[in-house]
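Overview (structure and organization)
Listed below, chain by chain, are the residues.
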Amino acid sequence: MLLFFILGLLVHFVFFGSIFDIYFTSPLVHGMTPQFTPLPPPAKRLVLFVADGLRADALYEFDENGNPRAPFIRNIIMHEGSWGISHTRVPTESRPGHVALIAGFYEDVSAVAKGWKENPVGFDSLINESKYTWSWGSPDILTMFAKGVGGDHIYTYSYDAESEDFGAHDVTKLDTWVFDHVKEFFHAARNNQSLFSKVNEEKIVFFLHLLGIDTNGHAHRPTSREYKDNIKIVDDGIKEIVSMLEHFYGNDGKTAFIFTSDHGMTDWGFHGAGHPSETLTPFVTWGAGIKYPQKVSVQKFDDAFLKEWKLENWKRQDIHQADVAPLMASLIGVPFPLNSVGILPIDYLNNTDLFRAESMFTNAMQILEQFKVKMTQKKEAILPFFFTPFKLLSESKQLNILRKARSYIKQRKYDEAVSLCKELIHLALKGLSYYHTYDRFFLGVNVVLGFVGWTSYASLLIIKSHSNLTRGVSKEVKKPSHLLACSFIALGVLVAFFLLIQDCPWTYYIYCLLPIPIWYAVLREFGVIQDFVLFVLTFPPSQLVAYLFIFTLGIEVLVLSFFYRYTLTAGLVAFACWPFITQLRTRAKSISLSWIFFSLLLAVFPLMPVVGRKPDIFLVMGAGLLVLLLSLCVVTSLLKRKDHFINEELLLHLVQMLSIVLSMYVVYTTHDSLLKKQGLPVFNQIISWITLASSFVLPLLSPTRLFERLFSILLSSMSAYLLLSTGYEALFPLVLSCLMFVWIQVEQETLRQPSVSYKQKVTSLQFTCSPDITQFRQLYLDDVRRAFFLVFFLVTAFFGTGNIASINSFDLASVYCFLTVFSPFMMGALMMWKILIPFVLVMCAFEAVQLTTQLSSKRLFLMVLIISDIMALHFFFLVKDDGSWLDIGTSISHYVIVMSMTIVLVFLNGLAHLLTTKKLELCGKPKSHLI
């Protein structure tokens, strides 16, 4: 059985990793020829302002007094330049946003493994193509465009990473630091001949990364006064920099300016997903080569922003974020970034029709180069008779379009040439996507075969070894034939040879060869399959259909809960009704009433808004007080006991109660300190980390009696959970644990085993490291319900606290008791532990259920994995690669979550076993337990 679980874990890691090979591979190719416009550019230099985390509506709207929130930018829109909305893509994070802006392509998700800070794959960018680039801002952003670039033409100036503190008194200093250092730089340039000559060269870039708005948004929310005031500071700073540069260069009219953002932010201060508040960013450009404002009478857009912003009469030109890179390259005359998939927005250009047509032709050639390289790579890796080319863009069609476009330019039919180039670009982009996803169907089929085979084998293992379903139907032991083994070996060799001659990556061998031994193991049990079919046929058809319907309905409810949280409410209400359709209501009335009450109470949480959107520190305090009140009741019951363990147990409970009090104190004082902009107190930070560390140890000091050990785990978990809470979610583990305690008693009451007359009280049961396997029983049909209950409670543990299958549902304020300086991995780890705490509580209760029902944990856990795998297979088929980016991102995150849950369950099962059975002895006292 141990070998089976190890193999199962490896198989699930393969299934989990497959999603990254199928959907998250890098789109980049190398070996293209640089392409640039052969005409003189309109600008000698480009200034790029990126206000990190700035929403479009926050910049363009008017303030409470009816004045523009950013008067200088508003003046640019109305008198000097062009404007629009830049549409970003998922994930809306700083690194992918800046890569799209400066390199012109949308970052592959492999960068998340390095916290969106390093370059997992090398790429070209505008900064790399420039003659010189000077940049100021965050070290996280600036270094990724300088790292790995040859030469010494990129200069970066950044503040310390510790300055990115969400709890700092004034984070606008991150922006004023940039403005001040830019001013000092140009002041120094006047007195430094070498530097002065460099800044007067052509094809140079000045990049100002402004992080203050993003930091204020995380710390105080985008609707806060701090966020809005920071926009005004940025507006004033840009005005000063523009004035200084015009004076420095003597108003030569050769400077182009672009102001935009990498991503927006939700109302609750987060980003990463595809909500419009995250994907709609401002785009304003002016200066050399840019069109002046164009007045129009009517504009047609699907939104009502123009009227809200009072910009109905100034032409709005929306672009995709990747389109900014070719625009910047065109303005200063550098080669388009080699990996760019952006389409030049020529309506922004104020230049001759010839220049616009040539620039568009260059853009088409640059994207076509990528298409050709991608096609060549795929063609060389596949056998000729298996290769299917992209039919919409054959070589003859490429040449025909290019020849026509060049002919139109010579004939001065510039509009026709631009139209042809756009057609070629769209076809080339479709072709790039076609070759990038060429193997997707092939890999998907193999993964599905592996999935179905594994689930089938696990089911057969349960039927054969852990149940009585086939007992009495057939006693004949059938050995697998040698022909079957030889057939599968031959198939494996054939598949491996097929992959070898096509020079496939090593991961392809895993995905394609893994189903072969799995299905061999399934077909070896053909006798079990026959016996099971015969057993199933003994059921009346109506009863069989009813069982299948209930099982299917349960799975679909679990799947739907990923899309609609309120489905969990419906499920919990159904759970509350369960005692009425069983004998439980009459046999254990008080337990039934408790089950109904806590099921309905827990059903309220999925109806609550997502955590973090409406933080309420008093709800956290209330949760702490309820835990203390519950602890006092337990301590009172301890005081009534007369055994010699009373002092140790009482002391442990008092220590855990003190930990709850300290957590409440830290949460309240940290919240107050951050409101006053005094930062995170060091004392609070130390207490938080000590509390978190002790929450793993204190439960191990408690007695292993079932009730006391579970209650000790609850107290320690709550002390850590309070520190990670911002609102109503602090109440969730408490209500969930109460339902878990009742569930343990319910399962003992529902167990019907006439041959065994034990009837121990739950309070007298004891966890043990070495259970008596002779007491374990076989699986019954009712155990499927127990497994389903566990999976349902685990899904509730995730979605019930307000999380949704999207990165933007997690609130950074949850970790402010531990740290406020930006650290993606540490913050991510803390938020992950917050998510896992309810999971741990459920798994510990599951350990108790297995104990009370005399069931082997391995047997019941096996059914849980099968249910989870069926859900995962659902989501594998639901993964999208078209439609809105919100739909694509959500569909992928659903699969990742359910596969992660399947893998994490194995570790959580081990952690729950450790927390419930291990006992630490202090001062060298021997182990001793009273029953």
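Since the model is a prediction, treat every value here as computed from it, not as a measurement. (Residues numbered from 1 in each chain as written. Predicted model: local features only at pLDDT ≥ 70, side-chain atom pairs only at ≥ 80, totals over all residues. Heavy atoms only, no water.)

Observations concerning the layout of surface pockets
In plain terms, the rule: Both cavities and pockets are sets of points on a 1 Å grid over the protein atoms alone; in a cavity a 1.4 Å probe fits but cannot get out, in a pocket the set is open with protein on both sides within 12 Å along at least five of seven lines, and lining residues sit with an atom within 4 Å of a point. Grid points are joined across faces, edges and corners, and a volume is the space filled by probe spheres set on the points. Strands are runs of DSSP state E lasting at least two residues, helices are runs of H or I lasting at least four, and both sets are numbered from the N terminus onward. Residue polarity follows a fixed list, in which Ala, Val, Leu, Ile, Met, Phe, Trp, Tyr, Cys and Pro are nonpolar, Asp, Glu, Lys and Arg are charged, and the others, Gly among them, are polar. In this entry, domain limits derive from an automatic or database-based domain assignment.
Approximately 1800 Å³ is the volume found for the second largest pocket. Lining the second largest pocket are 46 residues, with Y547, I550, F551, L781 and V784 positioned closest to its centre. Looking at the lining of the second largest pocket, the elements with two or more residues in it are α17 (440–465), α21 (526–536), α22 (541–561), α23 (566–577), α31 (782–799) and α33 (857–878). The leading source of residues in the lining of the second largest pocket is α22, at 10 residues. Its residues assigned to classes, the lining of the second largest pocket shows 36 nonpolar, eight polar and two charged. Built from parts of two domains, the lining of the second largest pocket gets at least three residues from each of domain 3 (442–538) and domain 4 (541–752 + 760–917).

Some words on unusual backbone geometry
Trans peptide bonds make up the majority, and among non-glycine residues the majority have a negative phi. Although it is not a glycine, K310 adopts a positive phi angle of roughly 60 degrees. One can find K310 in the loop between α12 (305–309) and β8 (319–320). The phi angle at R412 is positive, at roughly 65 degrees, despite the residue not being glycine. Relative to the elements of secondary structure, R412 occurs in the loop between α15 (395–410) and α16 (414–436).

Things to note about the nonpolar core
Keep this limit in mind: Note on terminology: a nonpolar core comprises buried Ala, Val, Leu, Ile, Met, Phe, Trp, Tyr and Cys residues joined through side-chain atoms within 4.5 Å. Any residue under 20% of the maximum accessible area for its type is buried, any over 50% is exposed, and the rest in between are partly exposed; the area is computed with a 1.4 Å probe on protein chains only. Any two residues whose heavy atoms approach within 4.5 Å are treated as being in contact.
Ranked by size, the top nonpolar core spans 153 residues in total, and within it F15, W595, W743, F793, V795, M843 and Y895 carry the most contacts. In terms of residue count, the dominant contributor to this core is helix α32 (residues 824–852) (17 residues). Excluding residues that lie within four positions of it along the chain, F793 makes contacts with L572, F575, W595, L739, M740, W743 and V842.

Things to note about the environment of K254
Tracing the chain through its elements places K254 in the loop between α10 (225–248) and β6 (255–260). Apart from the residues lying within four places of it in its own chain, the contact partners of K254 are P42, A43, K44, R45 and A288.

Regarding the pairing of strand β7 (residues 280–287)
Here is the rule we go by: Whether two strands pair depends on DSSP finding at least two bridges between them.
Buried residues dominate β7, accounting for seven of its eight residues. Both strand β2 (residues 81–87) and β7 contribute to a ladder of seven bridges, which runs antiparallel. In the sheet register, I85 faces β7, and the bridge partner there is P282. Here β6 runs beside β7; their pairing, made up of five bridges, is antiparallel. Bridging from a neighbouring strand, T260 pairs with F283 of β7.

Side note on the packing of aromatic side chains
Counted only if it meets this: Note on aromatic contacts: the rings of Phe and Tyr and the six-membered ring of Trp form a pair at centre separations within 6.5 Å, being stacked when their planes are under 30 degrees apart, edge-to-face when over 60 apart, and tilted otherwise. By definition here, charges over rings are those cases where NZ of Lys or CZ of Arg is within 6 Å of the ring centre and within 35 degrees of the ring normal.
Counted according to the given criterion, the structure contains 65 aromatic pairs. Where W743 meets F789, the ring centres are 6.5 Å apart and the plane angle is 40 degrees; that geometry is what we call tilted. Of this pair, W743 sits in helix α30 (residues 732–750) while F789 sits in helix α31; the two residues are 46 residues apart in sequence, bridging distant segments of the chain. A residue is classified by how much of its surface remains accessible, and F789, at 4% relative accessible area, is buried. Here the aromatic residues Y132, W134, W136, Y155, Y157, F185, F186, F196, F206, F248 and Y249 are joined through ring pairs into a cluster of three or more. The ring of F62 is capped by K310, whose NZ or CZ atom sits 4.8 Å from the centre of that ring. The aromatic ring of F301 is capped on one face by R316, whose charged end is 3.9 Å from the ring centroid.

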